[in-house]
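Architecture at a glance
For reference, the chains in residue letters:
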Amino acid sequence: ETGVTQTPRHLVMGMTNKKSLKCEQHLGHNAMYWYKQSAKKPLELMFVYSLEERVENNSVPSRFSPECPNSSHLFLHLHTLQPEDSALYLCASSLSAASGGPGSYNEQFFGPGTRLTVL
Amino acid sequence: AQSVTQLDSQVPVFEEAPVELRCNYSSSVSVYLFWYVQYPNQGLQLLLKYLSGSTLVKGINGFEAEFNKSQTSFHLRKPSVHISDTAEYFCAVSGNNFNKFYFGSGTKLNVKP
């Protein structure tokens, strides 16, 4: 496998279910991100992990719980979701801004996404 | 705070015609600008980026964009599109913290034969 992979690619769940999304990067990066992509809305940054530490949490409801056990893996644990949570969830990775020094640039590489439907 | 506006949600165009996808941003700090493309059922792929230097940036697949600081714009252009360019295009801006990108709502380019 190369690049950024996400599993599953599609997920249908009821509001009482618990499920997890998985992201894995094979690029040697040390920062990882979760984005939510809804129709006709800008990509919403949900969580950022840099050097395995959460550095950003954009007021995401607690029914979404991220986990970053190491620099290559990122999970998004889901429980008691609502129908409005149905969306494409994208994972991305990059080198941490802290790694590159002042003025460095760290392109984000995206996975193919998980299409989530909440019934 | 930073934000990105893509005024056109959909742009239909015939094959081999030129196209321009518009992007305007707002920021109170120095900006770095990006265009990403998303093909159906795929993640986002970087087309091109502006970090510094020449305001005309060339990217992959024949696309280019021009950074205009006075108009706070970063429009994407291609002189002749192909059917394979049909996709959704996202403009994004980042400030000094490269780990935080702000994306526009996307423009769907539909190239017709």
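Residues numbered from 1 in each chain as written. Chains lettered and ligands numbered in written order. Predicted model: local features only at pLDDT ≥ 70, side-chain atom pairs only at ≥ 80, totals over all residues. Heavy atoms only, no water.

Points about the overall build of chain A
When helices and strands are counted, chain A shows one helix and eleven strands. Overall, chain A shows an N-to-C arrangement of helices and strands of β-β-β-β-β-β-β-β-β-α-β-β. Against the compact-globule benchmark of 14 Å for 119 residues, chain A has a radius of gyration of 14 Å, which places it among compact chains. Over its C-alpha atoms, taken along the principal directions, chain A stretches across nearly 45 × 30 × 30 Å. Put simply, chain A has 119 residues, and 47% of those count as buried. A separation of at least 24 residues holds for 56% of the contacts in chain A among residues at least 6 apart in sequence. As presented, chain A carries roughly 5,600 Å² of accessible surface, and 51% of it is formed by carbon and sulfur atoms. A gap of 10 Å separates the mean positions of the 10 positive and 10 negative side-chain charges of chain A. (Helix = DSSP H or I, 4+ residues; strand = E, 2+ residues; numbered from the N terminus. Rg over C-alpha atoms; globule rule 2.2 N^0.38 Å. Buried < 20%, exposed > 50% of the residue type's maximum accessible area, 1.4 Å probe, protein only. Contact = heavy atoms within 4.5 Å. Areas by Shrake-Rupley, 256 points an atom, 1.4 Å probe, with all protein chains shown as cover. Lys, Arg positive; Asp, Glu negative; His and termini not counted. Charge placed at Lys NZ, Arg CZ, Asp CG, Glu CD.)

Here we look at the pairing of strand E8 (residues 73-79) of chain A
All names here are of chain A. Alignment of strand E3 (residues 18-25) against E8, held across seven bridges, turns out to be antiparallel. Pairing of lysine 18 across the sheet is with histidine 79, part of E8. One ladder, built from five bridges, connects strand E7 (residues 64-70) with E8; its direction is antiparallel. Paired with glutamate 67 across the strands is phenylalanine 75, a residue of E8. The hairpin formed by E7 and E8 contains two residues between the paired strands. (Pairing = 2+ DSSP bridges.)

Looking at the sheet that holds E3(A)
Residues and elements named next belong to chain A. With antiparallel pairing, four strands are arranged side by side in an open sheet as E1-E3-E8-E7. The outermost strands of the open sheet, each flanked by one partner alone, are strand E1 (4-7) and E7. Going across the sheet, the axis of each strand differs from the next one's by a mean of 20 degrees, ignoring polarity. Bridging between E1 and E3 involves four bridges; their strand directions are antiparallel. Of the residues in E3, the one forming a bridge with glutamine 6 is cysteine 23. (Axes fitted to C-alpha atoms, helices over the stretch in contact; angles between N-to-C directions.)

A short note on the interface of chain B and chain A
The interface is formed by 20 residues belonging to chain B together with 29 residues belonging to chain A. Interface of chain B and chain A: buried area, both sides summed, is about 1,800 Å²; carbon and sulfur atoms make up 56% of it. For the pair chain B and chain A, the number of links is zero salt bridges. Viewed at the interface, chain A and chain B are joined by two residue pairs in polar contact (both at pLDDT 80 or more). Mapped by element, the contributors of at least two residues to the side of chain B that touches chain A are strand E5 (32-38), strand E6 (44-50), strand E10 (87-94) and strand E11 (101-103) of chain B. For the side of chain B that touches chain A, the residue count by class is nine nonpolar, eight polar and three charged. (Buried area = accessible area lost by both parts, 1.4 Å probe. Salt bridge = Lys/Arg side-chain N within 4 Å of Asp/Glu carboxyl O. Polar contact = N/O pair within 3.5 Å; in protein donor to acceptor, adjacent residues only side chain to side chain. Nonpolar A, V, L, I, M, F, W, Y, C, P; charged D, E, K, R; others polar.)

Some points on the environment of A:Glu24
Residues and elements named next belong to chain A. Position of glutamate 24 relative to the elements: it lies in strand E3. The class of glutamate 24 is partly exposed, set by a relative accessible area of 22%. Separated by 22 residues in the primary sequence, glutamate 24 and threonine 2 have C-alpha atoms spaced 9.5 Å apart. Not counting residues within four places of it along the chain, the set of residues in contact with glutamate 24 comprises Gly3, Val4, Thr5, Ser72 and His73. One polar contact links glutamate 24 to histidine 73, side chain to side chain, over a distance of 3.3 Å.

Limitation: the analysis is restricted to geometry and does not speak to function.
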